[in-house]
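Listed here are the chains, written in short residue letters.
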Amino acid sequence: MDTAVDLSVDISGLHFRNPVLAASGTFGYGLEFTRFFDISELGGFCTKGLSLEPLPGNPPGRITETPAGMLNAIGLENVGVKSFIRDKLPPLERYDTHIIANIFGKTIEEFVAIAGDLNPHQKVSALELNISCPNIKEGGIQFGHDPDMTYKVVEAVKKISNKPVWVKLSPNVTDITVFARVCEDAGADALTLVNTFLAMSIDVNKRRPMLSNVTGGLSGPAIRPMAVRLVHQAAQTVDIPVVGIGGITSARDALEFMVAGAMAVQIGTANYFDPIVCVKVIRGLRRYCEENNISDIKEIIGTLEVREGQFLYY
Ligand SMILES: Cc1cc2nc3c(=O)[nH]c(=O)nc-3n(C[C@H](O)[C@H](O)[C@H](O)COP(=O)(O)O)c2cc1C
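Values in this document were obtained by computation on a predicted structure and should not be read as measured data.

Draft legend 1. Region of interest: the layout of surface pockets. Size it by volume and the largest pocket reaches roughly 570 Å³. S24, G25, T26, N72 and T196 are the residues nearest the centre of the largest pocket, which is lined by 36 residues in total. When residues of the lining of the largest pocket are traced back to their parent elements, those giving at least two are β6 (69-72) and α8 (270-273). Element by element, the count of residues in the lining of the largest pocket is highest for α8, at three residues. In the lining of the largest pocket, the residues fall into 15 nonpolar, 18 polar and three charged.

Draft legend 2. Structural detail: the pairing of strand β7 (residues 98-103). Judged by how many residues are buried, β7 sits mostly within the fold: six of six residues are covered. The two faces of β7 match: H98, I100 and N102 on one face and I99, A101 and I103 on the other face are all buried. Alignment of strand β4 (residues 44-46) against β7, held across three bridges, turns out to be parallel. Across the sheet, the residue bridging to C46 is I100, located in β7. With five bridges connecting them, β7 and strand β8 (residues 124-130) associate as parallel partners. Of the residues in β8, the one forming a bridge with I100 is A126. For the crossover from β7 across helix α2 (residues 108-118) to β8, the handedness is right-handed.

Draft legend 3. Representation of the pattern of salt bridges within the structure. Tallying each qualifying case throughout the model produces 13 salt bridges. Between K298 and D296 there is a salt bridge, with the nearest N and O atoms lying 3.1 Å from each other.

Draft legend 4. Layout of the pairing of strand β11 (residues 197-200). Of the two faces of β11, the one holding F197 and A199 is buried and the one holding L198 and M200 is not buried anywhere. Strand direction decides the pairing type here: β11 and strand β14 (residues 215-219), joined by four bridges, are antiparallel. Considered in β14, the bridge of M200 is made with T215.

Draft legend 5. Representation of the site of the ligand. In the vicinity of the ligand lie 25 residues, with S24, K168, G220, G247 and T269 positioned nearest. S24 is positioned with one of its backbone polar atoms (N or O) 2.7 Å from an oxygen atom of the ligand. Note that an oxygen atom of the ligand is positioned 2.7 Å from one of the side-chain N or O atoms of K168. Look at the ligand: alone it shows 610 Å² of surface, and the protein chains cover 97% of it. Applying the majority rule of atoms within 2 Å of the grid points places the ligand in the largest pocket.

Draft legend 6. Seen up close, the sheet that holds β8. Spatially, eight strands are ordered β3-β4-β7-β8-β9-β10-β15-β16 in a closed barrel, and the strand pairing comes out parallel. Mean inter-strand twist for the sheet, computed between neighbouring axes without regard to direction, equals 25°. Strand direction decides the pairing type here: strand β3 (residues 20-22) and β4, joined by two bridges, are parallel. Residue pairing for β4: L21 is matched across the bridge by G44.

Draft legend 7. Representation of the packing of aromatic side chains. Overall, the coordinates contain seven aromatic pairs when judged by the stated rule. On the basis of an interplanar angle of 45° and a centroid distance of 5.5 Å, the ring pair of F27 and F45 is categorised as tilted. Taken together, the positions of F27 in the loop between β3 and β4 and F45 in strand β4 put the pair 18 residues apart, joining distant regions of the chain. Like F27, the residue F45 is buried in the burial classification.

The rules behind each value
Residues numbered from 1 in each chain as written. Predicted model: local features only at pLDDT ≥ 70, side-chain atom pairs only at ≥ 80, totals over all residues. Heavy atoms only, no water. 1 Å grid on protein atoms, 1.4 Å probe; cavity = no way out; pocket = protein on both sides within 12 Å on 5 of 7 lines; lining within 4 Å. Points joined across faces, edges and corners; volume = space filled by probe spheres on them. Helix = DSSP H or I, 4+ residues; strand = E, 2+ residues; numbered from the N terminus. Nonpolar A, V, L, I, M, F, W, Y, C, P; charged D, E, K, R; others polar. Buried < 20%, exposed > 50% of the residue type's maximum accessible area, 1.4 Å probe, protein only. Pairing = 2+ DSSP bridges. Right-handed = clockwise from strand over helix to strand, strands pointing away. Salt bridge = Lys/Arg side-chain N within 4 Å of Asp/Glu carboxyl O. Near = heavy atom within 4 Å. Polar contact = N/O pair within 3.5 Å; in protein donor to acceptor, adjacent residues only side chain to side chain. Areas by Shrake-Rupley, 256 points an atom, 1.4 Å probe, with all protein chains shown as cover. Sits in = over half its atoms within 2 Å of the grid points. Axes fitted to C-alpha atoms, helices over the stretch in contact; angles between N-to-C directions. Phe/Tyr/Trp six-rings, centres within 6.5 Å; stacked < 30°, edge-to-face > 60°.

Okay, structure coming up:
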């Protein structure tokens with residue numbers, strides 16, 4: 001009897017060999033990790049956020065350690081979409097994994113232009129709209145914190161793109177369900193959440209902020225319980241698939257998101273302290289399924305058991 005566990009999942013018409021993706025901004029353009037492991041083992045990965053033109057990001061310090069996490073204000077430094085297409089995409093052709101292009105713009109027109117540039121390139125499986133970066137003044141958060149703007153940018157990109165459109169939500173909102181619903185109404189094919197939590201850290205000797213940007217985005221294990229709550233709430237709200245992100249370091253952590261309703265997960269900060277963490281999580285998921293006689297990982301998605309009327313979100 002074939003006892004192989006089926007780890008595959010389907011999201012927005014795409015088939016993923018397993019539900020583990022590397023998260024945007026923590027995995028470069030994928031190529032940087034090929035010396036650590038065969039990235040074809042991944043369900044997929046999200047590129048660093050791509051803008052229409054290259055960006056230098058914020059001045060240093062851009063990163064600082066926090067309890068069980070890190071604070072960053074990189075400011076979306078990236079090579080720009082044209083250089084990505086010219087220099088990064090060709091060497092990625094040989095890897096059999098889904099590439100999700102994480103994109104952002106200062107205006108809706110810029111989002112549309114980037115999506116248009118990526119249309120001819122089949123190696124890019126889907127777009128992930130970053131409307132949730134807390135670390136730059138323009139390009140992201142002004143869309144992700146306004147339901148009207150969220151609707152408009154998703155609708156506009158859907159109109160031009162020939163790829164599935166995922167939308168990455170900000171956790172820094174009062175009611176995640178409003179934004180989840182707006183994205184679904186505007187035609188989004190999937191939701192990914194969460195981006196980093198707006199946060200701040202101070203050097204008390206200098207009485208100065210640790211980051212040049214003053215504030216930054218908190219990520220890593222510190223945010224996981226908050227992310228799980230938001231993912232659960234979003235998954236309860238919409239019918240489109242939800243991809244969970246936030247502080248995942250192990251298969252156990254990934255399973256928490258999947259039981260809460262996530263169809264797949266992304267791993268971010270953990271790549272910094274363990275470049276093969278994604279592979280370990282994939283192996284751990286397979287082991288969990290084997291030990292629990294689960295033949296198909298999809299069986300566990302959204303299986304959280306709660307009593308009738310037990311949800312109390314504040
Ligand atoms: C240094 C750094 C850079 C990031 N850059 C991006 C980015 O370009 N676009 C994006 O959508 N998210 C970006 N993120 C957010 C991550 O993709 C992820 O949503 C977040 O870090 C939470 O997951 P984690 O706790 O596993 O890191 C970045 C995160 C970090 C730590």
